[in-house]
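# Fold and contact review
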Amino acid sequence: MKKIVIALFSVALCLLNLVACSKNKKIEKDVCNMGYYFNHSEEIEESDNQNSDMAIDKVELTRKITDELNEEIGVPTIFINPNKRKKISLTSSKFGGMPYWDSSLPYPTDKNGNKLKLLAQFNLYEISEVCKGDVGLLPKEGILQFFLLSGSNYSYGSDFENYTNDDHFRVIYHPTINPNITVEDVQNLHIPIASVSTNDYEPISGEIALDFSVRKTASPHYGNFKDEFIEKAALYGWKIENKTDYDICNCLENGIGYELDDYGCHEENCLLGYPVYTQLGDPRFDDTQYAQYDTQLFQMVSYNEEGTKFMAIWGDMGIAHFFINHKKLMEKDFSDIMYYWDCT
């Protein structure tokens with residue numbers, strides 16, 4: 001009897017061990033499975049992040065964000081397009097040619113009495129009509145003119161020691177237009193004209209009519225574009241390190257930074273808007289005396305299209321800029337202007 005009891009006890013003990021072993025194996029398996037699920041979920045999450053980053057087309061997103069910022073924080077920019085087929089009149093908008101001028105007003109000259117030549121003339125009423133009144137701070141009527149006298153060097157009328165010295169350039173605003181003034185009246189004033197020639201000291205030659213269009217533009221290099229761009233990029237799942245540099249282009253990979261600079265900057269003829277430089281950058285950043293000229297009034301790029309009699313060459317395909325203080329622009333005071341140009 002005693003042997004039977006011992007045998008039964010042994011069998012029961014074995015059964016208990018089997019059950020315990022089975023439970024331990026299940027727990028082990030469950031723990032392993034939990035580890036697998038945990039590790040696998042981490043891998044999936046990491047993979048998703050990589051796929052998400054890879055899924056972002058940063059070039060296209062850069063353009064998309066730039067377009068959005070143009071609308072949201074941009075300023076009206078009036079783009080100027082030369083039109084060789086359009087007829088030119090005395091009072092029409094044009095590059096070069098004969099200026100509208102009222103003989104009752106003193107004509108602009110340098111300190112030696114040499115008359116300045118017309119660089120550009122803008123009929124502001126015509127521009128306002130085309131742009132449906134969306135002309136920013138510009139007057140909506142009258143004529144705005146830019147004159148310069150190159151002299152016998154490549155300064156093109158700009159004083160490199162003082163960009164506000166207007167002895168060889170001038171910006172003139174006519175609030176009203178006298179319809180009785182004729183071409184003959186102006187010819188009798190013996191005003192020099194930038195005609196087609198081989199004079200390398202002249203930035204322009206000939207004349208050409210102009211067309212206009214307007215759209216809002218922002219610039220990657222000015223204002224709060226950088227912060228706005230980074231904030232928008234984050235909404236699209238693109239995290240950009242906000243470096244201390246003010247320029248968003250320097251916060252991006254080289255290829256994307258170049259793309260933003262190319263897409264977001266407008267190397268075109270325009271009134272207002274933001275400047276584009278070919279080489280040296282904005283001189284207003286380097287010298288505090290120019291900081292007050294906070295608004296671009298006019299940007300003129302080089303132009304040399306086959307089949308036209310007009311040509312504009314600022315050095316080696318450079319760009320010219322005329323700046324003004326925004327308060328003076330609002331007051332229609334064009335007597336204090338900064339004129340600067342650079343080239344490649």
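Everything here concerns the structure above.
Everything in this summary refers to the structure shown in the same document. On a predicted model such as this, the values are computed, not experimentally measured, just so you know. (Residues numbered from 1 in each chain as written. Predicted model: local features only at pLDDT ≥ 70, side-chain atom pairs only at ≥ 80, totals over all residues. Heavy atoms only, no water.)

## Regarding the packing of aromatic side chains
Heads up, the condition is: Two aromatic rings, drawn from Phe, Tyr or Trp (for Trp, its six-membered ring), form a pair once their centres lie within 6.5 Å of each other, and the interplanar angle then sorts them: stacked below 30 degrees, edge-to-face above 60, tilted otherwise. Numbered from the N terminus, helices here are DSSP runs of H or I no shorter than four residues, and strands are runs of E no shorter than two. Whether a residue is buried, partly exposed or exposed follows from its accessible area with a 1.4 Å probe, protein chains only, as a fraction of its type maximum: under 20%, in between, or over 50%, in that order. Throughout this description, the term charge over a ring refers to an Arg CZ or Lys NZ atom that lies within 6 Å of the ring centre and within 35 degrees of the ring normal.
One pass over the structure, following the stated rule, counts 26 aromatic pairs. Between the aromatic rings of Tyr-163 and Tyr-340, the centroid separation amounts to 4.9 Å while the plane-to-plane angle is 80°, which identifies the pairing as edge-to-face. With Tyr-163 in the loop between β4 (143-148) and β5 (169-174) and Tyr-340 in strand β12 (residues 338-342), this pair connects stretches of sequence that are 177 residues apart. Tyr-340 gets classed as buried once you look at its relative accessible area, which sits at 4%. A connected cluster of aromatic rings, assembled from ring pairs, spans Phe-95, Phe-122, Phe-146, Phe-169, Phe-212, Phe-298, Tyr-303, Phe-310, Phe-322 and Tyr-339. It is Arg-215 that lies over the ring of Phe-79; its NZ or CZ is 4.0 Å from the centre. We note Arg-284 situated over the ring of Phe-323; from NZ or CZ to the ring centre the distance is 4.0 Å.

## Regarding the pairing of strand β3 (residues 117-123)
Note the cut-off: Think of it this way: DSSP has to see at least two bridges between two strands before they count as a pair.
Of all seven residues making up β3, seven are buried, and the element is well covered by its neighbours. Pairing analysis gives two bridges linking strand β2 (residues 94-96) to β3, with the strands arranged antiparallel. Paired with Lys-94 across the two strands is Gln-121, which belongs to β3. Of the pairings in the sheet, the one linking β3 to β4 comprises six bridges and is antiparallel in character. Residue pairing across strands places Gln-121 opposite Gln-145, the latter belonging to β4.

## Some details on the sheet that holds strand β9 (residues 295-301)
Under the convention used in this document: In this description, a line fitted to the C-alpha atoms serves as the axis of each element, helices being fitted only across the stretch in contact, and the angle between N-to-C directions of two axes falls anywhere from 0 to 180 degrees.
Strand order in the open sheet made by the 10 strands is β5-β4-β3-β2-β7-β1-β8-β9-β11-β12, with antiparallel pairing throughout. Two strands lie at the open edges of the sheet, namely β5 and β12, each paired on one side alone. On average, adjacent strands in this sheet sit at an angle of 20° to one another, irrespective of strand direction.

## Focus on the nonpolar core
Under the convention used in this document: For the purposes of this section, nonpolar cores are sets of buried Ala, Val, Leu, Ile, Met, Phe, Trp, Tyr and Cys residues that join through side-chain atoms within 4.5 Å.
Core analysis: the biggest nonpolar cluster contains 40 residues, and Phe-95, Leu-119, Phe-122, Phe-146, Leu-297 and Phe-298 have the highest contact counts within it. Counting residues in hydrophobic clusters, the runner-up holds 17 residues, among them Leu-61, Ile-240, Ile-256 and Leu-260.

## With respect to the packing of helix α2 (residues 58-73) against helix α6 (residues 254-264)
Our working definition: By the definition used in this description, the sense in which the near helix is turned from the far one sets the handedness, with an anticlockwise turn below a right angle giving left-handed and a clockwise turn giving right-handed. Should any heavy atoms of two residues lie within 4.5 Å, those residues are counted as being in contact.
It is the contact of α2 with α6, at a shortest axis distance of 10 Å, that shows an interaxial angle of 35°. The way α2 lies across α6 gives a crossing that is right-handed. Side by side, α2 and α6 meet where Lys-58, Val-59, Thr-62, Arg-63, Thr-66 and Asp-67 of the first sit next to Ile-256, Glu-259, Leu-260, Tyr-263 and Gly-264 of the second.

## A few points about unusual backbone geometry
Here the phi dihedral of Tyr-156 falls at roughly 55°; this positive angle occurs in a residue that is not glycine. Looking at the secondary structure, you find Tyr-156 in the loop between β4 and β5.

## Let's talk about the packing of α2 against helix α5 (residues 225-235)
This is how the line gets drawn: To sort the angles, those under 35 degrees are grouped as roughly parallel, those over 145 as roughly antiparallel, those from 65 to 115 as roughly perpendicular, and the leftovers as oblique. Each residue gets one of three labels, nonpolar for Ala, Val, Leu, Ile, Met, Phe, Trp, Tyr, Cys and Pro, charged for Asp, Glu, Lys and Arg, and polar for the others, Gly among them.
Between α2 and α5, the least distance of the axes is 10 Å, while the angle of their chain directions is 125°. In this view, α2 runs oblique relative to α5, as classed from their interaxial angle. Our pair here, α2 against α5, has a crossing hand that is right-handed. Two secondary-structure elements touch here, α2 through Thr-62, Ile-65, Thr-66, Glu-68, Leu-69, Glu-72 and Ile-73 and α5 through Phe-225, Glu-228, Phe-229, Lys-232 and Ala-233. Its residues assigned to classes, the contact of α2 with α5 shows six nonpolar, two polar and four charged.

## Concerning the environment of Val-171
With respect to the helices, strands and loops of the structure, Val-171 is situated in strand β5. When its relative accessible area of 7% is taken as the criterion, Val-171 is described as buried. Those residues within four positions of Val-171 in sequence are excluded, and the remaining contacts are Leu-144, Gln-145, Phe-146, Leu-297, Phe-322, Phe-334 and Ile-337.

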